[in-house]
Amino acid sequence: MPLLVPNVGEREMLERILNGSDKCVLHLYKVDKTPAETDVVTSYTEVNTGGYAPITLSNTWNISTTDPTEASYAQVSFDFTGAATVYGYYVTNNNGTILLWAEKFSDGPYNIPSGGGSIKITPKIQLD
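Read on for a plain summary of the structure. This is a predicted model, so every value here is computed, not measured.

### Re the side chain of N93
Item 1. Within the fold, N93 resides in the loop between β7 (88–92) and β8 (99–104).
Item 2. Among residues more than four places away in sequence, those in contact with N93 are D22, K23, V25, I98 and L100.

So this is what it looks like as structure tokens:
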């Protein structure tokens, strides 16, 4: 019989991962890459132009009690001072050594002009 994590366990796991002592870091990547099961942090080329900086997320994730269990974070804004091309985002542990998840933008890439601009993301993760 395959492993089963009940809804209450999914919620507890997300609480421990996202609202525990280690904060997550939200990064943007600049190469056309579709996330894969075998990816690691170095599978992604982080944006390094336009005044970009990754964002450390506080431990204030909202975790549902519904099925499927979903954790969501308040919308965050990456503000650019110059040009950049962004294909998606990835989330790591606090020191950036472990890839937690990644998502390619379904409507991307986003091309920020030389005058700057912003990208707004509402991080989410769902377990079922």
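Resuming the write-up.
### Regarding a nonpolar patch on the surface
Item 1. A surface patch of nonpolar side chains, about 340 Å² in accessible area, is lined by M13, I17, I98 and L100.
Item 2. Topologically, M13 is positioned in helix α1 (residues 7–18).
Item 3. What makes M13 partly exposed here is its relative accessible area of 39%.

### Let's talk about the sheet that holds strand β2 (residues 55–56)
Each strand in a sheet pairs with another by means of backbone hydrogen bonds, the pair being arranged parallel or else antiparallel.
Item 1. Reading across the sheet, the four strands line up as β2-β1-β7-β8 and stay open at both edges, with antiparallel pairing between neighbours. The sheet is open, and its two edges are formed by β2 and β8, each paired on a single side.
Item 2. In the sheet, strand β1 (residues 25–29) pairs with β2 via two bridges, with the strands oriented antiparallel. Note that in β2 the partner of L26 across the bridge is I55.

### With respect to the sheet that holds strand β4 (residues 69–72)
Item 1. Reading across from one edge, β3-β4-β11 is the order of the three strands in this open sheet, with antiparallel pairing throughout. Edge positions in the open sheet fall to β3 (62–63) and β11 (124–127), since each of these has one partner strand only.
Item 2. Alignment of β3 against β4, held across two bridges, turns out to be antiparallel. Residue pairing in the sheet places N62 in a bridge with S72 of β4.
Item 3. In the packing of α1 onto the sheet, the strands contacted are β3, β4 and β11, and the crossing angle to β4 comes to about 20°.

Conventions used here
Residues numbered from 1 in each chain as written. Predicted model: local features only at pLDDT ≥ 70, side-chain atom pairs only at ≥ 80, totals over all residues. Heavy atoms only, no water. Helix = DSSP H or I, 4+ residues; strand = E, 2+ residues; numbered from the N terminus. Contact = heavy atoms within 4.5 Å. Patch = residues over 30% accessible without salt bridge, like charges linked within 9 Å, V, L, I, M, F, W, Y side chains within 5 Å. Areas by Shrake-Rupley, 256 points an atom, 1.4 Å probe, with all protein chains shown as cover. Salt bridge = Lys/Arg side-chain N within 4 Å of Asp/Glu carboxyl O. Buried < 20%, exposed > 50% of the residue type's maximum accessible area, 1.4 Å probe, protein only. Pairing = 2+ DSSP bridges. Axes fitted to C-alpha atoms, helices over the stretch in contact; angles between N-to-C directions.

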